[in-house]
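Secondary and tertiary structure notes
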Amino acid sequence: MLELKNICFSAKGETGGVEILRNVDLTIPNGKFIVITGPNGGGKSTLAKVIMGVEKPTEGRIFLNGEDITDLSVTERARKGISYGFQAPPRFKGMKVSDLLSCAAGRTLSHDDGCKYLTQVGLCSREYIDRDVDTSLSGGELKRIEIATILAKGGNVMIFDEPEAGIDLWSFSRLTGTFESIHRNTDASIVIISHQERIIRLADEIIMVSDGRITEKGPVEEIFPKILANTTGACSYLEEA
Amino acid sequence: MKELTEVQKMMLQKVADMAKMPTEGAYNLRLNGKGFVRHSSEHIDIVPKEDKPGIDIYVKEGTKGETVSIPVVIDQSGMDDLVYNDFHIADGCDVTIVAGCGIHNCGCDDSKHNGIHTFYVGKNCHVRYQEKHYGAGDGTGGRILDPQTVLYIGEGSEVYLDMSQIGGVDSTHRYTKCELDDGAELQILERLMTHGEQTADSEVDVFLNGVDSRCQITSRSVAKDASKQVFYPRVQGNNQCFGHVQCDSIIMGDAKVRSIPEISANHVDASLIHEAAIGKIAGEQILKLMTLGLDAEEAEQKILEGFLR
């Protein structure tokens with residue numbers, strides 16, 4: 001179980017401190033599928049980074065299965081089972097997809113094991129396993145390899161920051177299938193930051209984050225209509241259209 | 001047969017992937033400035049030069065799938081070794097040449113090896129040339145390697161040069177020159193790592209003389225500590241041809257790197273490109289590997305391993 005208690009995060013802006021997260025309290029039980037959604041700039045990605053340890057909260061504590069992990073490094077949190085899929089994954093000259101998957105798994109993966117993870121994200125494994133993770137990959141390919149690294153790593157909390165970004169329609173249904181399969185077959189908590197209706201609809205619970213706060217929280221059928229209402233309601237152009 | 005010491009065996013393994021000398025095929029091991037063991041095969045003759053130190057290697061026409069290994073090991077401090085190795089590769093051959101050099105210096109005098117390799121590659125050949133340079137030993141004497149590699153590549157031949165300096169060489173000045181005939185193709189992959197106070201500079205001259213000749217030069221280097229590196233890859237297009245130069249360096253600590261690719265066209269149908277980049281390891285790369293459970297040091301090591309592979 002992951003617990004965030006009174007998490008605040010401020011960043012330095014041009015005119016002093018800017019509050020990005022304000023007193024966030026959140027509990028994610030084991031095995032739950034959570035989608036965090038909300039407007040751009042609302043603090044969703046920062047929240048994910050605070051959980052992974054990429055950003056350190058200015059206030060508040062984070063607990064993983066009862067253990068206070070607030071002061072642990074990214075590496076330590078990763079070893080305790082938190083996984084984090086980047087919104088814009090970096091590229092590595094000379095590092096092969098198979099190397100990256102082995103790094104993620106913490107052991108040298110066999111060819112078949114490596115391929116298994118690629119297949120799960122809709123990539124033809126034979127074509128990709130020996131490719132370099134460099135600029136020869138398209139944004140969508142890189143994104144799918146990023147998700148494959150999270151599958152290879154495993155863990156008890158898996159965070160994906162906008163996994164759908166850059167992925168084509170044909171691969172998208174396989175991707176949603178992959179998330180459903182993780183949810184069905186593991187006890188891991190899945191936290192996905194997404195704006196995609198099909199991903200949002202997979203969730204056990206939706207959390208709306210806006211202006212650094214959790215503004216809504218609940219099951220899909222309750223929250224999703226509110227999201228739709230807010231989306232069009234906030235934009236006069238959309239309303240007119 | 002004469003026995004190698006454990007240090008010599010280790011150096012041989014490092015530079016030529018040989019745990020021991022082969023028992024068949026063509027090979028020549030040069031040890032501390034002298035031929036140690038030499039063997040010719042049915043299709044490859046290795047003949048010592050009479051007018052200067054070195055060997056002539058004759059690969060007979062149509063030789064396919066053979067390897068010739070000519071590693072050099074120096075473990076005597078103060079050794080200054082100069083050697084001329086000429087490769088005469090007849091038409092239609094498909095061969096691999098393994099030519100590494102390892103210097104193990106435990107003394108206070110500089111140990112130096114200058115290998116001057118000249119290749120005369122015939123028509124329609126496939127040649128792979130692998131050269132690894134490595135230095136070791138805890139002496140104060142320098143480990144210095146100044147290789148020269150010159151290639152004349154005949155019509156329709158493809159040559160792949162894989163040259164790496166994998167560490168421990170205090171000073172190196174490399175010079176590579178290649179002239180390509182019609183339809184010839186050259187790929188150079190150069191990998192270099194320096195640390196401490198080491199210096200390395202590499203000059204490459206490629207002359208695309210033949211119609212439809214092509215070259216790809218890829219240089220990857222890592223400069224650590226207070227080491228210094230300079231790269232001058234130059235490609236000249238003298239006909240309808242294609243050339244691409246790509247230099248990438250990772251800079252760390254107080255190192256200094258200069259990268260000066262040059263392309264020059266003397267023909268309207270010459271198409272030449274160069275790219276050069278120097279930068280430290282991106283923070284995002286380290287962070288990504290840390291999210292997979294590696295610590296910062298392990299992440300850095302992993303990134304460098306891949307980069308120099």
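Heads up: these notes are all about the structure in this document. (Residues numbered from 1 in each chain as written. Chains lettered and ligands numbered in written order. Predicted model: local features only at pLDDT ≥ 70, side-chain atom pairs only at ≥ 80, totals over all residues. Heavy atoms only, no water.)

Counting its regular elements, chain B contains three helices and 23 strands. Computed over C-alpha atoms, the radius of gyration of chain B comes to 20 Å, within 12% of the 19 Å expected from 2.2 N^0.38 for 309 residues, which places it in the range of a compact globule. Long-range pairs, those at least 24 residues apart, make up 79% of the contacts in chain B between residues at least 6 apart in sequence. (Helix = DSSP H or I, 4+ residues; strand = E, 2+ residues; numbered from the N terminus. Rg over C-alpha atoms; globule rule 2.2 N^0.38 Å. Contact = heavy atoms within 4.5 Å.)

Here we take up the interface of chain B and chain A. Taken together, the contact pairs 19 residues of chain B with 25 residues of chain A. Taking both sides of the interface into account, the surface hidden between chain B and chain A amounts to around 1,900 Å²; carbon and sulfur atoms contribute 63%. Interface area lost by chain B to chain A is led by B:K288, B:T291 and B:L292, which between them contribute 33%. The interface formed by chain B and chain A includes four salt bridges. Close ionic contact of B:D248 with A:K93 constitutes a salt bridge, the shortest N to O distance being 2.8 Å. Summed over the shared surface of chain B and chain A, the result is nine residue pairs in polar contact (both at pLDDT 80 or more). Those elements that provide at least two residues to the side of chain B that touches chain A are α2 (283-291) and α3 (296-307) of chain B. The element that contributes the greatest number of residues to the side of chain B that touches chain A is α2(B), accounting for seven residues. (Buried area = accessible area lost by both parts, 1.4 Å probe. Salt bridge = Lys/Arg side-chain N within 4 Å of Asp/Glu carboxyl O. Polar contact = N/O pair within 3.5 Å; in protein donor to acceptor, adjacent residues only side chain to side chain.)

Next up on the list: the sheet that holds strand β5 (residues 67-68) of chain A. Residue and element names in this part refer to chain A. Spatially, the four strands line up as an open sheet ordered β2-β1-β4-β5, and their pairing is antiparallel. Single-partner strands in this sheet number two, and they are β2 (16-28) and β5. In this structure, strand β1 (residues 2-13) lies alongside strand β4 (residues 59-64), joined through five bridges in antiparallel fashion. Each bridged residue has a counterpart across the sheet, and for E3 the counterpart in β4 is F63. Against the sheet, helix α1 (residues 44-52) makes contact with β1, β2 and β4, and its axis sits at roughly 70 degrees relative to β2, the strand it touches most. (Pairing = 2+ DSSP bridges. Axes fitted to C-alpha atoms, helices over the stretch in contact; angles between N-to-C directions.)

Another aspect to go through is α2(B). Residue and element names in this part refer to chain B. Burial within α2 is extensive, with seven of its nine residues counted as buried. Within α2, burial applies to Q285, I286, L287, K288, L289, M290 and T291. Immediately beyond the C-terminal end of α2, within one or two residues, lies G293, with a positive phi of roughly 105 degrees. (Buried < 20%, exposed > 50% of the residue type's maximum accessible area, 1.4 Å probe, protein only.)

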